[in-house]
Structures are given as C-alpha cells and as structure tokens.
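# Report on the structure
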Amino acid sequence: MTELSLTPFELLSTTRAVRKRLDFDRPVDDDVVRRCVDMALQAPSGSNDIKMRFVVIRDPELRKGVGDVYRDCFDMYRQMDGVYAGSLDKGSEEANAQQARVVDSAEYLAQHMGEAPVLVLGCYEGMRVEAYPPGGPSFMGSVLPGMWSFMLAARALGLGTSWTTVHLFQEQRVAELLGIPHDSVQQACLTPLAYTKGTDFKPAARPPADTFIHWDRW
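Residues numbered from 1 in each chain as written. Predicted model: local features only at pLDDT ≥ 70, side-chain atom pairs only at ≥ 80, totals over all residues. Heavy atoms only, no water.

## Remarks on the state of the cysteines
To be explicit about the condition: The disulfide criterion used throughout: a pair of cysteine sulfur atoms within 2.5 Å. Type-normalised accessible area, obtained with a 1.4 Å probe on protein chains alone, sets the label of each residue: buried when under 20%, exposed when over 50%, and partly exposed for intermediate values.
All chains considered together, the criterion is met by zero disulfides. Free cysteine: cysteine 73, not disulfide-bonded; nearest cysteine sulfur from cysteine 189 at 14 Å. Classification of cysteine 73 by relative accessible area gives buried; the value is 0%. Of all cysteine sulfurs in the structure, the one in cysteine 123 sits closest to cysteine 189, which takes part in no disulfide; the separation is 9.6 Å.

## So, helix H4 (residues 93–112)
What counts here: Numbering of helices and strands runs from the N terminus, with a helix taken as a DSSP run of H or I at least four residues long and a strand as a DSSP run of E at least two residues long. Expected span of a helix, by definition, is 1.5 Å for each gap between consecutive residues, and there is one gap fewer than residues. Residue contacts are defined here by distance: any two heavy atoms, one from each residue, within 4.5 Å place the two residues in contact.
The terminal C-alpha atoms of H4, which comprises 20 residues, lie 29 Å apart, in line with the 28 Å expected from a rise of 1.5 Å per residue. Those residues of H4 that sit buried are Ala95, Gln99, Val103, Ser105, Ala106, Glu107, Leu109 and Ala110. Residues of H4 that are buried make contact with helix H3 (60–78) and strand E4 (185–195).

## Here's the deal with helix H6 (residues 144–156)
Here H6 is 13 residues long and its end C-alpha atoms lie 18 Å apart, about the 18 Å a rise of 1.5 Å per residue gives. Buried residues of H6: Gly146, Met147, Phe150, Met151, Leu152, Ala153, Ala154, Arg155 and Ala156, and no others. Residues of H6 that are buried sit in contact with helix H1 (8–14), helix H2 (30–40), strand E1 (52–57), strand E2 (118–125), strand E3 (159–160) and E4. Among the residues trailing H6, glycine 158 stands out with phi positive, at a value near 85 degrees.

## Some details on the sheet that holds E3
The line we're drawing: Should DSSP find at least two bridges between two strands, the strands are regarded as paired.
An order of E1-E2-E4-E3 is seen for the four strands of this open sheet, with the pairing classed as antiparallel. Two strands bound the open sheet, and with one partner strand each, they are E1 and E3. Two strands pair when backbone bridges link them, and E2 and E4 are joined in this way by eight bridges, in the antiparallel orientation. Looking at the pairing, valine 118 lines up with leucine 193 of E4.

## Quick word on the nonpolar core
Here is a general trend for soluble globular proteins: nonpolar side chains tend to be buried in one another's company. What counts is decided by this rule: The definition of a nonpolar core used throughout is a set of buried Ala, Val, Leu, Ile, Met, Phe, Trp, Tyr and Cys residues joined through side-chain atoms within 4.5 Å.
The biggest cluster of nonpolar side chains holds 30 residues, and the ones touching the most others in it are Tyr70, Phe74, Leu119, Leu121, Leu178 and Leu190. Those elements that place two or more of their residues in this core are H3, H4, E2, helix H7 (171–178) and E4. Counting residues per element, this core draws most heavily on H3, which supplies six residues. For tyrosine 70, the residues in contact, after removing those within four places along its chain, are Leu109, Ala110, Met113, Thr164, Val166, His167 and Leu190. Grouped together as the second largest cluster of nonpolar side chains are 25 residues, Val32, Cys36, Met52 and Phe150 included.

Structure representation (structure tokens):
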C-alpha cells in the first residue's frame, strides 16, 4: 500500500472531485478500503458516539444498480434551473469555461458511476434527520467529516473520489437495493473509489479568502 509524498497542505488542496481520470479497470483491494475507513474513524463524532457507517459496494450488479439510480437522479437534477451546475453563470468567460469543464466531468460520471470498481456510501445510523429536524447538522456532523477524511486518505493512497448527493432524490430506492434500513439509517454521501490515471492533481482556482470572510459581524 503505497502512500504519495504530499505535504498536509498539498493533500488538502489537491484532493479534487475525480471523474474522468478514474481507472475503472484497476481493482481496489479491500485492505485499501479498510485503511481509508480507519482514517475516517479518526474524524470527530458527536458525543464521541460513532454513528457513521460505510456501505462498500463491490458486487458488479449492485454497482450497476446504484449507477442506474444515480443516472436517473442526475436526469432530475439536470432539470433544476439555478441549481444544476450547467445552468449557473459564473460571471466571467474564464469562470464559465471552468464551469463547463466541471459540468462535462459531472455528466461523464453520471453515465459511468456504476463502472467504478468500488462505490462507497457514507451513512448515519440512529435517527433520520426528518424525524428530528434540529438534529440535522449534528447528525451530518457525525458523518461528513469522516467521509472527507476517507477521501483525503484515498488521495494519499493514489485513489480518486467524488463527493455526490444526487442519488438522494431516490434514497429509498438505493436503500432497498442494498438492504439499508431506511427508517433508521440516513444516507449522506455517495462516492466512486478507484485508482486515478496519474496522481498530478492541482489546486482549484478559487477567489481570495477575504471574499468569503465576515470579520466579527456579517
């Protein structure tokens, strides 16, 4: 299990959403998945009560089934003007060109999600958000940091991931396919997991930090 030579800030700034550069033909060993989960479990969890769960999908038919759901949900997402990435005006020719590349990449993944050698669902087990709305941030705060740590670990090992939530339009369909108890397990994030074609990823173009900071008051 080879680790890339990345500084902490290189790891943070080059863990990108990888779609077109996923190697669908190279298998991912179970121990690699376990190593990523080991790192995910080091993330914070509310009340020190680990509620995050990982559904690791390796079976080809199940991966295809999840991929079919994802593609159907992406069709729904594509109709959401002002939400769909392809409907957004980023304000400049350069920014819109970058956005177009992102859209093209996302469209590619929508058609090929089920071909990744592994799919991983990050879930919260205990109570569904709609059953206790004030708990939503707390519940997800016990899953999402772990999923991000999983993705950072994957990057450090030469694998790519892509944070997606589009399948949640039909969450129950995925729950039924995978035997997830829908009444007590909240799905939070779906990612492909595959080795990448090359490991030379660059930081994304982002505005300066002060664009987003409100000092002391909004």
